[in-house]
Amino acid sequence: MRSLYISDKDSPKLGKCLNQLSEEKETKAILFLMADADHYSENDLTPLLSECSKPIIGGIFPELIFEGKRKEKGVLLLPLSFELKVQVFDLSKNESTYQNQLEEVQKDSMDPLSSLFVFVDSLAQGKSQFIETLFNFFGVNTSYIGGGAGSLSFEKLACIISNKGLHTNSAIIGWGNQKMSLGAAHGWHSFSDVLKVTETDNNLVKTLNWRPAFEVYKETVELHSNMKLTTENFSEIAKSYPLGIEKLDAEMVVRDPFKSCANGLHFVDAIQEGEYVKVLHGNLESLIKGAEIAKELALSKLDEKMDQNSLFCIDCISRILFMRDSYSKELKVISKNKNVSGVLTIGEIANEGDSFLEIYNKTIVLGVW
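Residues numbered from 1 in each chain as written. Predicted model: local features only at pLDDT ≥ 70, side-chain atom pairs only at ≥ 80, totals over all residues. Heavy atoms only, no water.

A. Molecular detail of the pattern of salt bridges. In total, this model carries 18 salt bridges according to the counting rule given. Salt bridges linked by common partners bring Glu63, Arg70 and Glu72 together as one network. (Salt bridge = Lys/Arg side-chain N within 4 Å of Asp/Glu carboxyl O.)

Dropping the structure here:
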């Protein structure tokens, strides 16, 4: 996997790089990944994207990873040696609209050795329904990898990138007739009793076990942490105590609470009413172990045609918020003997045919193609 990083905000330099990739016969498509800090404006970026003759798929993300290092600014370009069927979706539409769009372009995209890149606006309300529609259409044979785009400010942002420019409240997919090997893990462990999610409103969980959700969560976290949890220190303490959704024969899906209120707990991604959850906890060692497991899983399924030396990384930005300066240790583990590039996302998307397609939080996903 070749990766090109442009650190400076330099439109002529970026345009030159895209032109060079357009002229390369071996480059069939391009992953265009841009950091949120000091990102290009739509006016500056759109002409460069529209002039590129190769399909572009990507987004704006909190941070980038280039050659095993965090990058808070810049653009990362990953030229692909296989073609992509690219589509952009308006996430304010409904399931039947998504289905019709997919049938128009992707009706022949059913090869069992295929892969799908998926990037979604992390703040879009319709993303869960869209992900479900993708899985219903492509099924278990396709490998899926991607994540949530946007800003850590949680302000609305045109954050999905295609050849036509920047898109708001949208998702983009790129289907390729290319096998991919994936590994996903998180390193969080449960310690609480099982709790039933008894009332929700989109990404707001109102009650757990028919009691106010914040009250139940507060009692559980305070007993384990010996710290007082308040609305003022919520984000600082809650980053160590996500919820895990119980799944049969699969690792729990992590959900990240980022704000509390009188009505309950706000999560980055939705938890469905009726789900059973546990409160999770982890430390630096367990999260790094999770990264090791993700790497082992990805490397255990390689075939001889895949790049043996590179890893594409989708890592949750909240893992950095938890590990802080020690995040370099996680990067060191996954970068050992490998060239690692990718993005730090707000929600991770992954599946390699063994379970239902999910949006994860606080999880690391590694891919090889």
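There is more to say, and it comes next.
B. Summary view of the packing of helix 7 (residues 284-299) against helix 9 (residues 327-335). Contact geometry for helix 7 and helix 9: axes closest at 9 Å, N-to-C directions at 25°. Viewed along their axes, helix 7 and helix 9 adopt a mutual orientation that is roughly parallel. For the crossing formed where helix 7 meets helix 9, the hand is right-handed. Residues Leu284, Leu287, Ile288, Ala291, Glu292 and Lys295 of helix 7 lie in contact with helix 9, whose contacting residues are Lys329, Glu330, Val333, Ile334 and Ser335. When the residues that make up the contact of helix 7 with helix 9 are grouped by side-chain class, the tally is six nonpolar, one polar and four charged. (Axes fitted to C-alpha atoms, helices over the stretch in contact; angles between N-to-C directions. Helix = DSSP H or I, 4+ residues; strand = E, 2+ residues; numbered from the N terminus. Parallel < 35°, antiparallel > 145°, perpendicular 65-115°, else oblique. Left-handed = near helix turned anticlockwise from the far one by under 90°. Contact = heavy atoms within 4.5 Å. Nonpolar A, V, L, I, M, F, W, Y, C, P; charged D, E, K, R; others polar.)

C. Just helix 5 (residues 213-225), in detail. End to end, helix 5 covers 18 Å across 13 residues, agreeing with the expected 18 Å (1.5 Å per residue, within 8%). Along helix 5, the positions that sit buried rather than exposed are Ala213, Phe214, Val216, Tyr217, Thr220, Val221, Glu222 and Ser225. Asn226 sits one or two residues past helix 5 and shows a positive phi near 60°. (Expected span 1.5 Å × (residues − 1). Buried < 20%, exposed > 50% of the residue type's maximum accessible area, 1.4 Å probe, protein only.)

D. Broad picture of the sheet that holds strand 6 (residues 75-80). On the basis of which strands lie adjacent, the open sheet formed by six strands has the order 1-6-2-3-10-11 and mixed pairing. The open sheet has two edge strands, strand 1 (4-6) and strand 11 (165-167), and neither has a second partner. Here the strands of the sheet are splayed against their neighbours by 20° on average, with no regard to which way each runs. Alignment of strand 2 (residues 29-35) against strand 6, held across six bridges, turns out to be antiparallel. Across the sheet, residue Ala29 finds its bridge partner in strand 6, namely Leu80. Contacts from helix 2 (residues 42-50) reach strand 2, strand 3 (56-61), strand 10 (160-162) and strand 11 within the one sheet, and its direction differs from that of strand 11 by about 120°. (Pairing = 2+ DSSP bridges.)

E. Looking closely at the pairing of strand 4 (residues 63-66). Residues Glu63 and Ile65 of strand 4 are buried on one face, and the alternating residues Leu64 and Phe66, pointing to the opposite face, are buried as well. Here strand 4 runs beside strand 24 (residues 339-345); their pairing, made up of three bridges, is antiparallel. When the sheet's bridge partners are listed, Leu64 is paired in strand 24 with Val343. Summarising the sheet, strand 4 and strand 5 (residues 69-71) pair through three bridges and their orientation is antiparallel. Its bridge partner being in strand 5, Ile65 is matched across the sheet by Arg70. The loop that links strand 4 with its antiparallel partner strand 5 comprises two residues; one of these, Glu67, has a positive phi angle of about 50°.

F. Geometry of the nonpolar core. With 73 residues, the main nonpolar core has Leu14, Phe32, Leu77, Phe117, Tyr217 and Phe312 as its most contacted residues. When neighbours within four sequence positions are excluded, Phe312 is seen to be in contact with Met1, Leu31, Leu33, Leu78, Phe117, Ile145, Ser341, Gly342, Val365, Leu366, Gly367 and Trp369. Listed in part, the 29 residues of the second largest apolar core include Val254, Leu311, Cys313 and Ile364. (Core = buried A, V, L, I, M, F, W, Y, C linked by side-chain atoms within 4.5 Å.)

G. Spatial organisation of the pairing of strand 8 (residues 115-121). The element strand 8 is extensively covered by neighbouring structure, given that seven of its seven residues are classed as buried. Of the two faces of strand 8, the one lined by Ser115, Phe117, Phe119 and Asp121 and the one lined by Leu116, Val118 and Val120 are each fully buried. Following the chain from strand 8 across helix 4 (residues 127-138) to the adjacent parallel strand 9 (residues 143-149), one finds a crossover that is right-handed. Judged from the six bridges that link them, strand 8 and strand 12 (residues 170-176) form a sheet pairing that is antiparallel. Within the sheet, the bridge partner assigned to Val120 lies in strand 12 and is Ala171. (Right-handed = clockwise from strand over helix to strand, strands pointing away.)

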